[in-house]
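Listed below, chain by chain, are the residues.
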Amino acid sequence: MDVIKLVLQILLGITSLLLTLLILLHKGRGGGMSDMFGGGMTTSLGSSGVAERNLNRVTIVLGLTWAAVIIGLGLVMRFSVES
């Protein structure tokens, strides 16, 4: 059970870092914090290219993986019996 917990903790760290990087790669949609840091200069807010759509898909899959790892880690920690 300790091996599973260790693997899930490592996977959680990796997915957290990757998810943060992927979220920061998205272009700003205007308004809010993105305008403060120079992201408000977009001309085509409604259209997104193939790269942006793929980035969205990868981010969603990684977010779902991150959530599943958190749930799995919580279940392992809850039901592990320390002896």
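This text goes with the structure placed above it.
Anyway, here's the lowdown on the structure attached to this text. Here the structure is a predicted model, which is why all the values come from computation and not from measurement.

Calculation notes
Residues numbered from 1 in each chain as written. Predicted model: local features only at pLDDT ≥ 70, side-chain atom pairs only at ≥ 80, totals over all residues. Heavy atoms only, no water. Helix = DSSP H or I, 4+ residues; strand = E, 2+ residues; numbered from the N terminus. Buried < 20%, exposed > 50% of the residue type's maximum accessible area, 1.4 Å probe, protein only. Contact = heavy atoms within 4.5 Å. Areas by Shrake-Rupley, 256 points an atom, 1.4 Å probe, with all protein chains shown as cover. Expected span 1.5 Å × (residues − 1). Patch = residues over 30% accessible without salt bridge, like charges linked within 9 Å, V, L, I, M, F, W, Y side chains within 5 Å. Salt bridge = Lys/Arg side-chain N within 4 Å of Asp/Glu carboxyl O.

Section: the overall build of the protein chain
Scanning the protein chain from terminus to terminus reveals 3 helices and 0 strands. Sequence-ordered secondary structure for the protein chain, helices as α and strands as β, is α-α-α. Here the protein chain holds 83 residues, and 17% of them are scored as buried. Nonlocal contacts in the protein chain, meaning residues at least 24 apart in sequence, comprise 83% of its contacts between residues at least 6 apart. On the protein chain, roughly 6,300 Å² of surface is accessible, and the fraction owed to carbon and sulfur atoms is 72%.

Quick look at helix α1 (residues 2-25)
With 24 residues, α1 extends 35 Å from end C-alpha to end C-alpha; this agrees with the ideal 34 Å at 1.5 Å per step. Residues of α1 that are buried include every one of Lys5, Leu8, Thr15, Leu19 and Leu22, and no others. On its buried face, α1 sits against α3 (50-79).

A look at α3
In a regular helix each residue adds 1.5 Å, so 30 residues correspond to 44 Å; α3 covers 43 Å between its end C-alpha atoms and thus fits that length. For α3, the set of buried residues is Glu52, Leu55, Thr59, Leu62, Gly63, Val69, Leu73 and Val76. Buried residues in α3 make contact with α1.

Thoughts on a nonpolar patch on the surface
A surface patch of nonpolar side chains, about 470 Å² in accessible area, is lined by Leu6, Ile10, Ile14, Leu18 and Leu21. As for its placement among the helices and strands, Leu6 is situated in helix α1. Classification of Leu6 as partly exposed rests on a relative accessible area of 48%.

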